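# Survey of secondary and tertiary structure
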Amino acid sequence: MSGTPALRAHLDPRLLRAFVTVAEELHFTRAATRLYVAQQALSRDVRRLERELGADLFVRTTRQVTLTADGERLLPYARRVLQAQDELLAAFGQARPLLVDLNSPGLLTPRRVLHRARELAPEHELMARYESGLTGAAGELLAGRLDASFGRYAGLAPALRAGLDHQPVRYEPMAVVLPEDHPLAALPRVPLGALAGEPVYAGAGNPRTPEWTDLARLLFAGRGIEVASPAPLAVGEEEFQRIMARTRCPILAVVDFPPLPGTVLRPLVDPVPLSPVSLVWRKGLVHPAFDALRRAAAQVAAEEGWLRRPAGGWIPATDAALMSP
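Keep in mind it's a predicted model, so treat the numbers as computed, not measured.

Reading the values: the criteria
- Numbering of residues starts from 1 in every chain and runs along the sequence as written.
- Totals for whole chains, interfaces and linings use all residues, but because this is a predicted model, local features are given only for residues with pLDDT of at least 70 and pairs of side-chain atoms are given and counted only at 80 or more.
- Calculation of side-chain values draws on the structure's entire complement of heavy atoms; hydrogens and water are dropped beforehand.
- We count a stretch as a helix when DSSP gives it H or I for four or more residues in a row; a strand needs E for two or more, and each element gets its number in order from the N terminus.
- Only protein chains enter the area calculation, which uses a 1.4 Å probe; residues under 20% of their type maximum are buried, those over 50% are exposed, and those in between are partly exposed.
- For every accessible area listed, the method is Shrake-Rupley and the probe measures 1.4 Å; residues are considered covered only by the protein chains on display.
- Working definition: a ring pair exists when centres of Phe, Tyr or Trp rings (six-membered ring for Trp) sit within 6.5 Å. Plane angles under 30 degrees give stacked, over 60 give edge-to-face, the rest tilted.
- In this scheme, the term charge over a ring applies when either NZ of a lysine or CZ of an arginine sits within 6 Å of the ring centre and within 35 degrees of the ring normal.
- A helix is expected to span 1.5 Å multiplied by its residue count minus one.
- Strands are treated as partners if at least two bridges between them are detected by DSSP.
- In what follows, residue pairs with any heavy atoms lying within 4.5 Å of each other are defined as contacts.
- pLDDT measures the predictor's confidence residue by residue and takes values from 0 up to 100.
- Angles run from 0 to 180 degrees between N-to-C directions of axes, and those axes are lines fitted to C-alpha atoms, restricted for helices to the stretch in contact.
- An angle below 35 degrees is treated as roughly parallel, one above 145 as roughly antiparallel, one from 65 to 115 as roughly perpendicular, and anything else as oblique.
- Take the far helix as your reference; a near helix turned counterclockwise from it by less than a right angle gives a left-handed crossing, and one turned clockwise gives a right-handed crossing.
- Polarity classes work like this: nonpolar for Ala, Val, Leu, Ile, Met, Phe, Trp, Tyr, Cys and Pro, charged for Asp, Glu, Lys and Arg, and polar for all others, with Gly in that last group.

Summing up its helical and strand segments, the protein has 12 helices and 13 strands in all. Seen through its C-alpha atoms, the protein measures out along the principal axes to roughly 80 × 45 × 35 Å. Out of the 325 residues in the protein, the part that is buried amounts to 45%. Accessible area for the protein stands at about 16,100 Å²; split by element, carbon and sulfur atoms hold 54% of it.

What follows is the structure, encoded as structure tokens:
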């Protein structure tokens, strides 16, 4: 790699960030979207970096973008420079907001953790996002467009887990949402076996929540309970209520699921099925508020006893192993 020492000594970190983002995406349009810049501006920054270093960093064709040998060599150095810059800015209170996915509005577990983290780190901005499912959020985490999320870590594909880390937060008891006039709605608790022969909605067909559908299939296996066929993907609470009112299927949920008009929420028993909830983040994440988020998760879990498994509670073996301290 050639180039004049004077130019190399004054590299703009913005150019390195443009290079790293393109190197991770291997696609200029996706990289520009991730950086919230025009594709032409991103291309200019990469070309400027190549001129200043005196080296070609990418091979560009109409079909693909790949790193050159110099690009491969630069990548680990550029990442270290950008991490050091992020740490420096964080040390002087100039960090960007920490973006925390709460999955869906109204879910208690992630909301409680975020509220406590804001109390622990009032000098930092922690912003809520709603990605609707951990699988959907995982891609955003790995792309750097999101910092943390909550959900069933064991339900992610191994390729996704390879770039992520997690901290167990809660064994959340599961429940069922029933129409008010459903025969089981009069019960204070619904035995799992009472759902035999019923199709129960568990997000089948939703590409953002396959980890939840997989948990339902494991729970229903051998119990005569069906996972309901995919319903039209509803965006927003009003649309979800409309679709569910039309299908009238029971809905697999958790005990803190927000109320829906015309329905009742009943905890499941015999056994008590548990939804394993973890705080999930991208490996190598550096942010001054991230430590507060992890401490908040540990504090609230300890205060509420969220990580004490109830006697007879059901959880898949793979999840139990990953949720162990």
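Having put the structure on the table, let's press on.
Another point: the packing of aromatic side chains. A full pass over the atoms with the stated rule returns three aromatic pairs. Measuring from ring centre to ring centre gives 6.1 Å for Phe28 and Phe58, while their planes differ by 70°; the resulting arrangement is edge-to-face. Linking Phe28 in helix H3 (residues 28-35) with Phe58 in strand S1 (residues 58-60), this pair joins segments that are 30 residues apart in sequence. Under the relative-accessibility criterion, Phe28 is labelled buried at 8%. With relative accessibility at 4%, the residue Phe58 sits in the buried group. Three or more aromatic residues link up through ring pairs in this structure, and these residues are Phe19, Phe28 and Phe58. Taking NZ or CZ as reference, Arg161 lies 5.9 Å from the ring centre of Tyr153, over its face. Directly above the aromatic system of Tyr171 lies the positively charged group of Arg309, at a separation of 5.7 Å from the ring centroid.

The next subject is the environment of Ala289. Positionally, Ala289 belongs in the loop between strand S12 (272-282) and helix H11 (290-304). Relative accessible area serves as the criterion here: at 0%, Ala289 is assigned to the buried category.

Here helix H2 (residues 13-25) is 13 residues long and its end C-alpha atoms lie 18 Å apart, about the 18 Å a rise of 1.5 Å per residue gives. Downstream of H2 by a residue or two, Leu26 has a phi angle that is positive, lying close to 50°.

Moving on, we come to the pairing of strand S10 (residues 251-254). In the case of a regular strand, side chains alternate between the two sheet surfaces. Burial along S10 is two-sided: Ile251 and Ala253 facing one way and Leu252 and Val254 facing the other are all buried. Taken together, the four bridges between strand S6 (residues 164-179) and S10 define a ladder with antiparallel strand orientation. In the strand pairing of S10, Ala175 is matched with Ala253.

What follows deals with the environment of Leu219. Tracing the sequence through the fold places Leu219 in helix H9 (residues 210-220). Taking C-alpha positions, Leu219 is 8.2 Å from Ile315, a pair spaced 96 residues apart along the chain. Aside from chain neighbours lying at most four places away, what touches Leu219 is Met174, Leu192, Leu252, Pro273 and Trp314.

On to the confidence of the model for the protein, then. Across the protein, pLDDT averages 88, with 91% of residues at or above 70. The weakest mean pLDDT in the protein belongs to helix H1 (residues 5-8) at 46; the strongest belongs to strand S5 (residues 148-151) at 98. A low-confidence stretch, residues 2-7 (pLDDT under 50), is modelled with seven contacts involving residues beyond four sequence positions or located in other chains.

It is worth spelling out the packing of H2 against H3 at this point. Helix-helix packing is described using two parameters, namely the angle between the two axes and the distance between the axes. At a minimum axis distance of 8 Å, the contact between H2 and H3 shows a crossing angle of 130°. Here H3 runs oblique to H2, going by the angle between their axes. As for the relative orientation of H2 and H3, their crossing is right-handed in sense. Every residue of H3 that contacts H2 at Arg17, Ala18, Thr21, Val22, Glu24 and Glu25 is listed here: Phe28, Arg30, Ala31, Arg34 and Leu35. Residue composition of the contact of H2 with H3, grouped by class: five nonpolar, one polar and five charged.

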